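# Geometric and topological summary
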Amino acid sequence: MKGRPKVVRILGTRGVPAAHGGFETFAEYLACYLVARGWRVIVYCQEQGGGPIYEDKWNGVDRVRIPIDTEGPRGTVIFDWKCVKHAAQHRDLCLTLGYNTAIFCAALRIRKIPNLINMDGIEWKRRKWGAIAKTWFYLNDWAGCWLGNHLIADHPEIKRHLSTRVSPKKITTIPYGADLIDEAGAELVTRYGLEPGKYLTLIARAEPENSVREVVSGFSRKVRGMKLAVLGNYDTNRNPYHRAVRDSAGREVSFLGAIYDKAVVSALRFHSLAYVHGHQVGGTNPSLVEAMGAGNAILAHDNPFNRWVIGDSARFFSSSDQFSEHLEYMLSNPATVTSMRTAMRARHAEFFTWDQVLSQYEALLTAWQKDS
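What counts as what
Residues numbered from 1 in each chain as written. Predicted model: local features only at pLDDT ≥ 70, side-chain atom pairs only at ≥ 80, totals over all residues. Heavy atoms only, no water. Pairing = 2+ DSSP bridges. Helix = DSSP H or I, 4+ residues; strand = E, 2+ residues; numbered from the N terminus. Axes fitted to C-alpha atoms, helices over the stretch in contact; angles between N-to-C directions. Contact = heavy atoms within 4.5 Å. Buried < 20%, exposed > 50% of the residue type's maximum accessible area, 1.4 Å probe, protein only. Polar contact = N/O pair within 3.5 Å; in protein donor to acceptor, adjacent residues only side chain to side chain. Right-handed = clockwise from strand over helix to strand, strands pointing away.

The strand order S3-S4-S2-S1-S5-S6-S7-S8 describes an open sheet built from eight strands, whose pairing is mixed. Here the strands that pair on one side only, and so sit at the sheet edges, are strand S3 (54-58) and strand S8 (171-173). Shown here is a sheet whose adjacent strand axes are inclined to one another by a mean of 25 degrees, direction ignored. Of the pairings in the sheet, the one linking strand S7 (residues 150-153) to S8 comprises three bridges and is parallel in character. Of the residues in S8, the one forming a bridge with Ala153 is Thr173. Those strands touched by helix H2 (residues 72-87) are strand S1 (7-11), strand S2 (40-48), S3, strand S4 (61-68) and strand S5 (93-97), and its axis lies near 135 degrees from that of S4.

What follows is the structure, encoded as structure tokens:
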């Protein structure tokens, strides 16, 4: 109907403003983008503690704030159920980010409330999960395919996976976006003992599937005359893999811990000689796209996920030996690094700016708004 209000409810994240990762960052960007374009956007937000559900506004975004007094994964499951239960009381178009509790979306389907689901990565294939968790994710992967009115894949490989379960016509591929970073204060990196242009950056959870040990050991095989800055938490007392990574590190590896300050992380990327991306599974990884936006030369694990995102202008490795060889070549050929940086900026500008990504989401949401 002409003049019908444009409304969408965003579920599946901890809320806005972003403080917890890629999906929250995306939700923040999308919500603000849509509000600026005349949409009413309602985002469900998880609060720590007890008490009733309440609502407020942030930067023009309506927030439904749901207190949860249970911590950890169980608390997240409870939060997701309360979000779906609340959304089911209305008739608004829903966008669910992630499928980890997709079974709850049955409540929306029963009430014929249109629900688009971003299916994220293939979580049940990750080695870090035990049998029970893998089974839960596997079943919810199927549930999301069945219960979502339409699916969003952030990578062609994810669409290929989903197409084994539903018709490709039910899936739209829209990647992740990132800001262009064309300046950053050098003092934000020198405080960590790093010299601009004289270090590599690695940002990843310390897990085997992220190739952290291969990168650290490959880097540490010889004196490089530069540093490898590793971001993330490492509990060497309780986690054998964390301990193995630290034990394989030479003197030029700097473990900076977990850093959540966006300005600092952006500066670390911007001033690094290159970005190292060891992720072996997943779709369009936010950290990889953000490295492209910073104009980083990239050394990445060789797999279809990474190759589609960064194209042919990066260098790819599958082992510590290959990583060491590629790094040695790059350090000996500064002109190659310069051309890699230029190519990454060009690819980001062509495919992965926020305006491109968010406009595709709005077009999809608009089509479903009209049909609902």
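This part covers the side chain of Gln369. With respect to the helices and strands, Gln369 occurs in helix H14 (residues 354-371). Of the residues examined, Gln369 reaches a relative accessible area of 9% and is grouped as buried. Within the structure, the side chain of Gln369 is placed 2.7 Å from the backbone oxygen of Pro5, a separation counted as a polar contact. Leaving out residues up to four positions away in the same chain, Gln369 has contacts with Arg4, Pro5, Lys6, Val7, Trp39 and Leu93.

Right, let's talk about the environment of Asp261 for a bit. Within the secondary structure, Asp261 sits in the loop between strand S11 (253-257) and helix H9 (262-270). Asp261 sits in the partly exposed class, given a relative accessible area of 43%. In the structure, Asp261 is positioned 242 residues away from Ala19 in sequence and 9.4 Å away in space, judged by C-alpha atoms. Reaching out from Asp261, the side chain makes a polar contact with the backbone nitrogen of Ala263 at a distance of 3.0 Å.

In this section: the pairing of S7. Where burial is concerned, the two faces of S7 agree: the one with His150 and Ile152 and the one with Leu151 and Ala153 are both buried. Sheet topology note: the strand S6 (residues 115-118)/S7 ladder contains three bridges and is parallel. Its bridge partner lying in S7, Ile117 is registered against Leu151. As a crossover connection, the stretch from S6 through helix H4 (residues 131-147) into S7 is right-handed. Running through helix H5 (residues 156-162), the crossover from S7 to the neighbouring parallel element S8 is right-handed.

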